Structure formats: C-alpha cells, structure tokens
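# Architecture and fold: a report
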Amino acid sequence: MKECRRCLLREAAEGDVYQAVRAGIGRIPEKDRTDEALYERRLAACRSCDFLLSGMCLKCGCYVELRAAFKKSKCPDVKGKKW
Ligand code: SF4
C-alpha cells in the first residue's frame, strides 16, 4: 500500500481494503450509521489531521472511513478531539 498522508482509502485506490471497509459500513444498521453530511464532515477533519496515514488513524489504528460511519464513534485523540 502506498503511504499517503491526507489520503482516505477511497482516494488511495486500495481496492480490496476499501471494498472490505465499504462492506463493513454496509453491515452497520441504519439507525447506528452516521448520516452522509456528518460522515463527510468527520472525514474532512481526518484529512486535515496529522494522525491520518493512508486512511488509517495513527491514534487508534482503525480505518477512519469505517470508524466515522458509526454514529456513536468519536475521534480517539483525547488531547485534540476533532469530531
Ligand atoms: S485523530 Fe481523529 S481526526 Fe485524526 S485521523 Fe484519527 S479520528 Fe481522524
């Protein structure tokens, strides 16, 4: 996987991983899933964050596109929560 700061998986063309993340998002019950506007705001915050690396949050090791899709999720940066 090509390392890219500021990239989300969907931009890094990592087909298999991105497809797995998309499938994971699809399994989140609608009532627990972030609405599209909030989801995009969260991802925009991640894209401006120094802890994003190739779609992964270096604070928690998760793929932000999946983490952000859960309504109840929070940014794991305890010192500078961005969402
Ligand atoms: S620390 Fe928060 S804003 Fe930064 S990449 Fe992780 S989830 Fe996104």
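Okay, so let's go over this structure. Quick caveat: nothing in here was measured; it's all calculated off a predicted structure.

Considered as a void within the structure, the largest pocket measures approximately 150 Å³ in volume. Forming the boundary of the largest pocket are Arg10, Arg22, Ile25, Gly26, Arg33, Thr34, Asp35, Glu36, Tyr39, Glu40 and Ala69. Mapped by element, the contributors of at least two residues to the lining of the largest pocket are α2 (15–26) and α3 (36–47). Its residues assigned to classes, the lining of the largest pocket comprises three nonpolar, two polar and six charged.

In the vicinity of the ligand, the residues found are Cys46, Cys49, Cys57, Lys59, Cys75, Pro76, Asp77, Lys82 and Trp83. Most atoms of the ligand, that is more than half of them, are within 2 Å of grid points of the largest cavity. Per-class residue counts for the shell around the ligand are six nonpolar, no polar and three charged.

Rules used throughout
- Residues numbered from 1 in each chain as written.
- Predicted model: local features only at pLDDT ≥ 70, side-chain atom pairs only at ≥ 80, totals over all residues.
- Heavy atoms only, no water.
- 1 Å grid on protein atoms, 1.4 Å probe; cavity = no way out; pocket = protein on both sides within 12 Å on 5 of 7 lines; lining within 4 Å.
- Points joined across faces, edges and corners; volume = space filled by probe spheres on them.
- Helix = DSSP H or I, 4+ residues; strand = E, 2+ residues; numbered from the N terminus.
- Nonpolar A, V, L, I, M, F, W, Y, C, P; charged D, E, K, R; others polar.
- Near = heavy atom within 4 Å.
- Sits in = over half its atoms within 2 Å of the grid points.

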